Amino acid sequence: MEQAIQQTGIRKGLTKLVIPIFIETLLIMMLGAVDTVMLSQYSDESVAAVGVVNQIVMFAFLIFEVINIGTSVLCSQYLGAGMRNKMVQVVGVSLLLNLVVGLVVSAILHYGATTLLGWMGLRPELLKYGIGYMEIVGAFAFFQAISLTISASLRSANKAIYPMLVTVLVNVMNIIGNYSLIFGKFGLPAMGAEGAAISTSIARGVSMIVLFVILFRKHIPSFPMALFRPFPWIELKNLLKVGVPSAGENMSYSFSQVVITYLINILGNDSLATRTYTVNTTMFVYLFAIAMAQGGAISIGHLVGQKRIRAAYLLGKYVMRLSILVSLGLSCIWAIFGHTIFSMLTDNENIIRLGVTILIVDVIVEIGRAVNIYATNALRSAGDVNFPFYVGLIVQWTVSVGLSYLFGIHLGWGLVGMWCAFLLDENIRAFIFVKRWNSLKWAKKGFVK
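What counts, and where the lines are drawn
- Residues numbered from 1 in each chain as written.
- Predicted model: local features only at pLDDT ≥ 70, side-chain atom pairs only at ≥ 80, totals over all residues.
- Heavy atoms only, no water.
- Phe/Tyr/Trp six-rings, centres within 6.5 Å; stacked < 30°, edge-to-face > 60°.
- Helix = DSSP H or I, 4+ residues; strand = E, 2+ residues; numbered from the N terminus.
- Buried < 20%, exposed > 50% of the residue type's maximum accessible area, 1.4 Å probe, protein only.
- Lys NZ or Arg CZ within 6 Å of the ring centre and 35° of its normal.
- Contact = heavy atoms within 4.5 Å.
- Polar contact = N/O pair within 3.5 Å; in protein donor to acceptor, adjacent residues only side chain to side chain.
- Salt bridge = Lys/Arg side-chain N within 4 Å of Asp/Glu carboxyl O.
- Axes fitted to C-alpha atoms, helices over the stretch in contact; angles between N-to-C directions.
- Parallel < 35°, antiparallel > 145°, perpendicular 65-115°, else oblique.
- Left-handed = near helix turned anticlockwise from the far one by under 90°.
- Nonpolar A, V, L, I, M, F, W, Y, C, P; charged D, E, K, R; others polar.
- Domains from an automatic or database assignment.
- Buried area = accessible area lost by both parts, 1.4 Å probe.
- Expected span 1.5 Å × (residues − 1).

As annotated in an unreviewed UniProt entry, the chain carries the name MATE family efflux transporter and comes from Phocaeicola plebeius.

Asker: Help me understand the packing of aromatic side chains, please; the structure alone is not making it clear to me.
Answerer: Aromatic ring pairs: the centre-centre distance and the angle between the two ring planes describe each pair. Evaluated as defined, the whole model comprises 15 aromatic pairs. On the basis of an interplanar angle of 15 degrees and a centroid distance of 6.1 Å, the ring pair of Phe212 and Phe216 is categorised as stacked. Linking Phe212 with Phe216, this pair stays in helix 8 (residues 193–219), spanning four residues, or about one helical turn. Phe212 sits in the partly exposed class, given a relative accessible area of 28%. Judged by relative accessible area, which is 37%, Phe216 ranks as partly exposed. A network of ring pairs unites the aromatic residues Phe212, Phe216, Phe223 and Phe228 as a single cluster. The residue whose ring lies beneath Arg436 is Phe387, and the NZ or CZ to ring-centre distance is 4.2 Å.

Asker: Would you mind showing me how to read the environment of Ser40 here?
Answerer: In this fold, Ser40 is placed in helix 1 (residues 2–40). Looking at Ser40, the relative accessible area reads 10%, which means it is buried. The spatial distance from the C-alpha of Ser40 to the C-alpha of Arg380 is 38 Å, given a sequence separation of 340 residues. Setting aside residues no more than four positions away along its own chain, Ser40 makes contact with Val47, Tyr277 and Leu345.

Asker: Please explain the environment of Arg429 as it appears in this structure.
Answerer: Of note, Arg429 is situated in helix 16 (residues 414–439). Remark: the alpha-carbon pair of Arg429 and Val395, spanning 34 residues in sequence, is separated by 6.9 Å. If we skip the residues at most four places from it in the chain, Arg429 touches Glu249, Tyr253, Asn372, Val391, Gly392, Val395 and Gln396. A distance of 3.2 Å separates a polar atom in the side chain of Arg429 from a polar atom in the side chain of Glu426.

Asker: Would you mind showing me how to read the pattern of salt bridges here?
Answerer: Charged atoms that come close allow side chains of opposite charge to pair. Within this structure, the stated rule accounts for seven salt bridges. Glu235 is paired through a salt bridge with Lys86; the nearest N and O atoms lie 2.9 Å apart. Residue Glu235 is found in helix 9 (residues 233–267), and its partner Lys86 is found in helix 3 (residues 84–111); the two are separated by 149 residues along the sequence. Classification of Glu235 as buried rests on a relative accessible area of 0%. We note a salt bridge from Arg369 to Asp362, for which the minimum N-O separation is 3.7 Å. Here Arg369 and Asp362 have matching classes, each one buried.

Asker: Just checking my understanding: could you explain the packing of helix 3 against helix 6 (residues 141–156) for this structure?
Answerer: Between two packed helices, what matters for the description is the angle formed by their axes and the separation of those axes. One can describe the packing of helix 3 onto helix 6 by two numbers: an axis separation of 7 Å at closest approach and a directional angle of 155 degrees. On the basis of their axis angle, the class for helix 3 and helix 6 is roughly antiparallel. Handedness of the helix 3/helix 6 crossing: right-handed. Of the residues in helix 6, those in contact with Val91, Ser94, Leu95, Asn98, Leu99, Gly102, Leu103, Ser106 and Leu109 of helix 3 are Ala141, Phe142, Ala145, Ile146, Thr149, Ile150 and Ser153. Residues that form the contact of helix 3 with helix 6 fall into these classes: ten nonpolar, six polar and no charged.

Asker: Quick question: what am I supposed to make of the domain arrangement of the chain here?
Answerer: It is common to give the size of an interface as the accessible area that goes away when the parts come together. With domains assigned, the chain is organised as domain 1 (14–231) and domain 2 (242–439). Here the C-alpha centroids of domain 1 and domain 2 sit 21 Å apart. For the pair domain 1 and domain 2, the two sides together bury roughly 3,900 Å², of which 71% comes from carbon and sulfur. Seen at the junction of domain 1 and domain 2, the total is zero salt bridges.

Asker: Sorry if this is basic, but what is going on with helix 7 (residues 161–183) here?
Answerer: Residues spaced three or four apart along an α-helix face the same direction, because each turn holds 3.6 residues. Its 23 residues place the ends of helix 7 33 Å apart at the C-alpha level, agreeing with the 33 Å of an ideal helix rising 1.5 Å per residue. Listed as buried for helix 7 are Pro163, Met164, Val166, Thr167, Val170, Asn171, Asn174, Gly177, Asn178, Ser180, Leu181 and Ile182. Of the residues trailing helix 7, Gly184 is marked for its positive phi of about 75 degrees.

Asker: Would you take a moment to explain the environment of Ile63 for this structure?
Answerer: Structurally, Ile63 can be placed in helix 2 (residues 44–80). The class of Ile63 is partly exposed, set by a relative accessible area of 29%. Residue contacts for Ile63: discarding those within four places in its chain leaves Val101, Val105 and Met251.

Asker: Explain the side chain of Ser76 to me, please; I cannot follow it from the model alone.
Answerer: Here Ser76 lies in helix 2. The exposure class of Ser76 is buried, given its relative accessible area of 1%. One polar contact links the side chain of Ser76 to the main-chain carbonyl oxygen of Ser72, over a distance of 2.8 Å. Beyond its immediate stretch of four places on either side in the chain, Ser76 contacts Ser156, Ile298, Gly301 and His302.

Following this line, the structure appears as structure tokens:
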């Protein structure tokens, strides 16, 4: 009876985390989707070009996750154990590192735009849209580096409501900015893809400033120098110990998607545009799974810090079941209304026909994806950071990339064949992760000793 009451309390705490994380993640996804929908009214070529650019930019952003994942895991465990000074040290070190890394990444994306898009094989008719967009968005990538770090620290302290409210502000600004600068409204020039890039960058800059204000007023009033003299090398070591393999798994996945995007580019502009439209619509299917996984990871981190392993295990199982149920239901709805969805985005019949087929295959993809999103977050939050990296590295490249080439290019099945490869990749990894969670081998890998 007592255990049931405790589980009920834990689930209520999870709900308070998941709701603002869900809304925030929805709005972040809409930030990219708004660019895609508005640009679709401008041209399919601009959508295809921006889709390729965003693949590169998102891969670069994963470099910031080396620190941010470590920030979330360590802060959750330290707060669960009541070690506030340790938490402050972690956040301070994280902000410093991501500022430096963010500036370096910004320079590479801005000055290397032409070279990077050339490596992706982007055709001349798409380059004119892609280069301008990437130079602008890339130059201000460091805004995102800082914002992600602050958001991670706020969520770990059960203050997820604040990043959510900031994201509401950012979305409103981005929609107004896109409308004004893509189409040339309110006396501003019609800039197309470059206008979308300017709008997105301004919104990210405002987000960073507001998050800093919230951090100092609601979470960490100051960073006492006494906590950083001598420099807390042990926390830097722990950040990298968590972050490098964790971000490595994300980077492996993202880089595999860059390679797959290159392969899709070989299939032609219609396939590339279909892939961009599909990615920007199906991400709403696994939105709930992301929110549940992130909220669950914070709660599991707190429980591991308190040495409540059984409670953490049961919470993980609950998160997985609910994530699968919601993702499966939504993917079925998307498949049923596939023609309507794609007809709203384009009048190209080939893209519509191909997209409808992809959404049917995607129903099975989303089952495995829901498990993988939950499991990688849960294992990391418990301190089991290496296992997801090794599994992702092996399965993503052998199955997702290897079979994408075999099915899509070699056998000539095109984009549908590639989606079948994604189906196998997601579900094979899901099976492995479920076995790992049930084994409880993660239980002794926490950072609070």
